[in-house]
Amino acid sequence: MTRIKEKFAELNAKNEKALISYVMVGFPNEKSTISAVRGLVKGGIDIIELGFPFSDPLADGPVIQNASTISLEKGTKIKKFFALVKKIRKETDIPLILMTYTNILYSKGYAKFISEAKKAGIDGFILPDMSIEESREYLLAAKNNADTIFLISPNTTKARIEKIAKASTGFLYLVAVFGTTGVKSGIKKYSLDAIKNVKKLTKNKIPVGIGFGVSTPEDVKKYVKAGADAVIVGSAYLKLIDKTPQNQLESKIASFTKNLKKQTII
Amino acid sequence: MRYPKNGKFGEFGGKYIPETLVPAIEELEENYLKFKNNKKFKKELDYYLKIYAGRPTPLYYAKNLSEKIGGAKIYLKREDLLHGGAHKINNTLGQALLAKKMNKKRIIAETGAGQHGVATAMACAALGMKAEVYMGYRDTIRQKQNVFRMNMLGCDVHPVKSGSKTLKDAINEAIRDWITNVENTYYLLGSAVGPHPYPVMVRDFQSVIGNEIKSQMKKINNKTPDTVIACVGGGSNAIGTFYPLVDSNSEIIGVEAAGHGLKSKMHSATLSAGSKGVLHGMMTYLLQDKEGQVTETHSISAGLDYPGVGPEHSYFKDSKRVKYHSATDSEVINAFLTLTRMEGIIPALESSHAIAEAIKVARKSKKSESIVVTLSGRGDKDIEEVQNYLKKHDKN
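Here is what the cut-offs are and how they apply
Residues numbered from 1 in each chain as written. Chains lettered and ligands numbered in written order. Predicted model: local features only at pLDDT ≥ 70, side-chain atom pairs only at ≥ 80, totals over all residues. Helix = DSSP H or I, 4+ residues; strand = E, 2+ residues; numbered from the N terminus. Rg over C-alpha atoms; globule rule 2.2 N^0.38 Å. Contact = placed C-beta atoms within 7 Å. Pairing = 2+ DSSP bridges. Buried ≥ 20, exposed ≤ 12 C-beta atoms within 10 Å, placed from the backbone. Right-handed = clockwise from strand over helix to strand, strands pointing away. Axes fitted to C-alpha atoms, helices over the stretch in contact; angles between N-to-C directions. Nonpolar A, V, L, I, M, F, W, Y, C, P; charged D, E, K, R; others polar. pLDDT = per-residue confidence, 0-100. Domains from an automatic or database assignment. Parallel < 35°, antiparallel > 145°, perpendicular 65-115°, else oblique. Left-handed = near helix turned anticlockwise from the far one by under 90°. Expected span 1.5 Å × (residues − 1).

(A) Summary view of the overall build of chain A. When helices and strands are tallied, chain A shows 12 helices and nine strands. Taking 2.2 N^0.38 as the reference for a compact globule, 266 residues should give roughly 18 Å; the C-alpha atoms of chain A span a radius of gyration of 17 Å, in line with that estimate. Taken along its principal axes, the extent of the C-alpha atoms in chain A is 45 × 40 × 35 Å. Residue pairs at least 24 apart in sequence account for 75% of intrachain contacts in chain A once pairs closer than 6 positions are excluded.

Shown next as structure tokens:
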């Protein structure tokens, strides 16, 4: 059983839903990533997504784009990233997911990248531009090695949801809104309907997490109530990291996380 | 025409896209397949291509240039004479008409130098639709005139300030817009790039170039040309020129922008110096660093300034059916000046890459041979750029 599956089983037993956070590594520097992760753990986060920057993040809104650019300018590299993951692994056993774009894995070779990431302590992958049609080699490389978390959208057809759910392990990532990451437009009825629909179609075989545009405890509460097994908060964390001085980062992130986490305990 | 299974040209192409776009891409493919052989659609498109855009374009024998070089006869396929001044209108009319049939009320597009943006604005104006165009902030400064032209044609231009602020970032931003407004928006992509079915659709709409070359050369020589040459950025005029001729005996050469030289890192020669990767929804050759980060490009011609290339070109490179060469900025300026002075034709700097190659090939070939060069656009837009180059390099 992978760390991600264990985590969902553990939460299930406690009648809790998962809170998942996203932080871009190296934004604004490596030290702040370490502090942010410590704050997340202190605040009770369940799973952490670590964003690795890509030059052309076409599924991301302005906040993550900007974090990506800064991280690259600060010299974030794959080798340094794996070293950072190892450092984090020494402090916590929390599931770690790498979120980046297909080309980062492809250019090193899927198998090689995934096995090195796994060795460093990565448990799963989210690639927003990896479609199910192009995923054969990627899935083969990840099999029995790491979880492959695919995304679905409110406009994904029933047949595709079933197909994608089969290829996904760990959880299924439901994109809440039509749009890029971090777009704040209030919670839409179609997003809540999508949760119910996906939960029904997947018959509890795989947890369903919802993300994109989630930023407040109120948002988390509504999505949990609609039936989400996990709620993912990304851009809101990056905004907080951006405006918080380094010496307060750990405590600010911890208290922000605590407030969100409360909403996942039913 | 051959239709690639699963959108793949060998290992290249495909659909590497966010899931939100899948229904839109599937709807597009379904409608494209439905309309591309529909008689009424073809008739309507033919009408606009002829009466509005000015097809067929002439195949001009460049007598002065050919005789001066003393080798093969050089023919120019005059896409520069089309409405708007470039081949781009072949594709924008086709796609805008398709969007209209699909009842899409909102058109978005990206543009580099502005040629595709202008051609989109024209096609949309003619067909009574509204377009919005994403353009890299740096390009809006370099090509101010085209921004004004688009505005006058009734089109909103959104400057893109992310990343390198050029064409690749304009494509990123157009895709982000599409993800956000997927239900009512048609993305009118300008080159033979992006996720399937764009590369094949743009190829088909541009293939009018190669098909006309074939029949025009048949009248002149009763055979296909010995050599065909076109410039390659994203590669739409090139694929349109090459595709109808890939089963012939013609030698086919694509010419990329070598900028300051292939070893300088200041170039856009994706096929000559790149490696395989995934960008903008497709697997293709890319200019990227060892970590898979896409690198910035340079070319004297804004239209070739792109770190990727159409996936079918990647396939033709690996299968060796097409040779991909390159021309440096300085060779391009020389070709530009030569054609302008010898034939009274001012070529676009993009097309001047193909002219530079044609001059090299002609020198080495016999008088009995024929070379067709696609002159993809006219050079009026580039006058300032050329003046600056000459001033800087003291060639006046």
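Following the structure, the description resumes.
(B) Looking closely at the sheet that holds strand β2 (residues 47-51) of chain A. Residue and element names in this part refer to chain A. The strand order across the open sheet formed by nine strands is β5-β4-β3-β2-β1-β9-β8-β7-β6, and the pairing between neighbours is parallel. Two strands in the sheet have a free side with no partner beyond their single neighbour: β5 (147-149) and β6 (151-152). As judged from the two bridges shared by strand β8 (residues 208-211) and strand β9 (residues 230-233), these two strands associate in the parallel manner. By the bridge assignment for β9, Gly209 is matched with Ala230.

(C) Structural detail: the pairing of strand β9 (residues 227-231) of chain B. Residues and elements named next belong to chain B. Across the five residues of β9, five count as buried, placing the element largely inside the fold. Alternating residues of β9 divide into Thr227, Ile229 and Cys231 and Val228 and Ala230, and every residue in both groups is buried. The parallel pair β9 and strand β10 (residues 251-259) is bridged by helix α11 (residues 236-242), and the resulting crossover is right-handed. Relative to strand β14 (residues 370-375), β9 is paired through three bridges, and the arrangement is parallel. By the bridge assignment for β14, Val228 is matched with Val372.

(D) How the structure looks around the sheet that holds strand β6 (residues 130-136) of chain B. Residue and element names in this part refer to chain B. With parallel pairing, four strands are arranged side by side in an open sheet as β7-β6-β5-β8. Strand pairing shows two members of the sheet lacking a second neighbour, β7 (156-160) and β8 (185-187), which therefore form its edges. Within the sheet, the average angular offset between the axes of one strand and its neighbour, ignoring direction, is 25 degrees. Pairing analysis gives six bridges linking strand β5 (residues 106-111) to β6, with the strands arranged parallel. Its bridge partner lying in β6, Glu110 is registered against Tyr134. Strand contacts of helix α8 (residues 167-180): β5, β6, β7 and β8, with the helix running at about 160 degrees to β5, the strand carrying the most contacts.

(E) Looking closely at the interface of chain A and chain B. On the chain B side, the residues contacting the 31 residues of chain A number 27 residues. For the side of chain A that touches chain B, the leading source of residues is helix α5 (residues 102-108) of chain A, giving six residues. By residue class, the composition of the side of chain A that touches chain B is 13 nonpolar, 11 polar and seven charged.

(F) Main features of the confidence of the model for chain B. Overall, the prediction assigns chain B a mean pLDDT of 96, with 99% of residues at 70 or greater. The complex prediction reports pTM at 0.97, with the ipTM value standing at 0.96.

(G) Quick peek at the environment of Ile179(B). Tracing the backbone through its elements, the reader meets Ile179(B) in helix α8. Judged by the 27 C-beta atoms lying within 10 Å of it, Ile179(B) falls in the buried class. Each C-alpha atom, one on Ile179(B) and one on Val22(B), is 9.8 Å from the other, the two residues being 157 residues apart in sequence. Beyond its immediate stretch of four places on either side in the chain, Ile179(B) contacts Ala59(A), Phe178(A), Gly179(A), Thr180(A), Pro18(B), Thr20(B) and Leu21(B).

(H) Summary view of the domain arrangement of chain B. Residue and element names in this part refer to chain B. Partitioning chain B into structural domains gives domain 1 (9-49 + 88-202) and domain 2 (54-85 + 207-393). The C-alpha-based centres of domain 1 and domain 2 are spaced at 23 Å. Every contact between the two is made by 37 residues of domain 1 and, on the other side, 32 residues of domain 2. Put simply, the parts of the chain that give the side of domain 1 that touches domain 2 at least two residues each are β2 (12-13), α4 (88-101), α5 (115-126), α6 (137-142), α7 (144-152), α8 and α9 (198-206). Counted by class, the side of domain 1 that touches domain 2 contains 17 nonpolar, 14 polar and six charged residues.

(I) Representation of the packing of helix α3 (residues 62-73) of chain A against helix α11 (residues 235-243) of chain A. All names here are of chain A. Between α3 and α11, whose axes approach to 9 Å, the crossing angle comes to 55 degrees. With respect to α11, the axis of α3 lies oblique. The chirality of how α3 crosses α11 is left-handed. Packed against α3, whose contacting residues are Val63, Ile64 and Ala67, the element α11 presents Ser235, Leu238 and Lys239 at the interface. Taken together, the residues of the contact of α3 with α11 sort by class into four nonpolar, one polar and one charged.

(J) Quick look at the environment of Ile210(A). All names here are of chain A. With respect to the secondary-structure elements, Ile210 resides in strand β8. For Ile210 and Val220, which are 10 residues apart along the polypeptide, the C-alpha to C-alpha distance reads 9.4 Å. Residues contacting Ile210, with those up to four places away along its chain left out, are Leu174, Ala176, Ile195, Tyr223, Ala228, Val231 and Ile232.

(K) Spotlight on unusual backbone geometry. For the bond from Phe27(A) to Pro28(A), the omega torsion is -10 degrees, close enough to zero to count as cis. Inspection of the secondary structure puts Pro28(A) in the loop between β1 (18-24) and α2 (30-43). Note the cis peptide between His196(B) and Pro197(B), where omega equals 10 degrees. Structurally, Pro197(B) can be placed in the loop between β8 and α9. One non-glycine residue, Asn103(B), lies in positive phi territory at about 65 degrees. Its place among the elements puts Asn103(B) in the loop between α4 and β5. Even without a glycine there, the phi angle at His280(B) is positive, about 50 degrees.

(L) Spotlight on helix α12 (residues 246-262) of chain A. All names here are of chain A. Here α12 contains 17 residues, and its C-alpha end-to-end distance of 25 Å stays within 8% of the 24 Å for a straight helix at 1.5 Å per residue. For α12, the complete set of buried residues consists of Leu249, Glu250, Ile253, Phe256, Thr257, Leu260 and Lys261. Its buried side turned inward, α12 meets β1, α2, α10 (217-226), β9 and α11.

(M) View of the packing of helix α4 (residues 78-91) of chain A against helix α6 (residues 110-120) of chain A. Residues and elements named next belong to chain A. Closest axis-to-axis distance for the α4/α6 pair is 8 Å, and the angle between their directions is 30 degrees. Considering their axes alone, α4 and α6 lie roughly parallel with respect to each other. In contact with Phe82, Val85 and Lys86 of α4, α6 contributes Glu116, Ala117 and Ala120. Here the residues of the contact of α4 with α6 are counted per class, giving four nonpolar, no polar and two charged.

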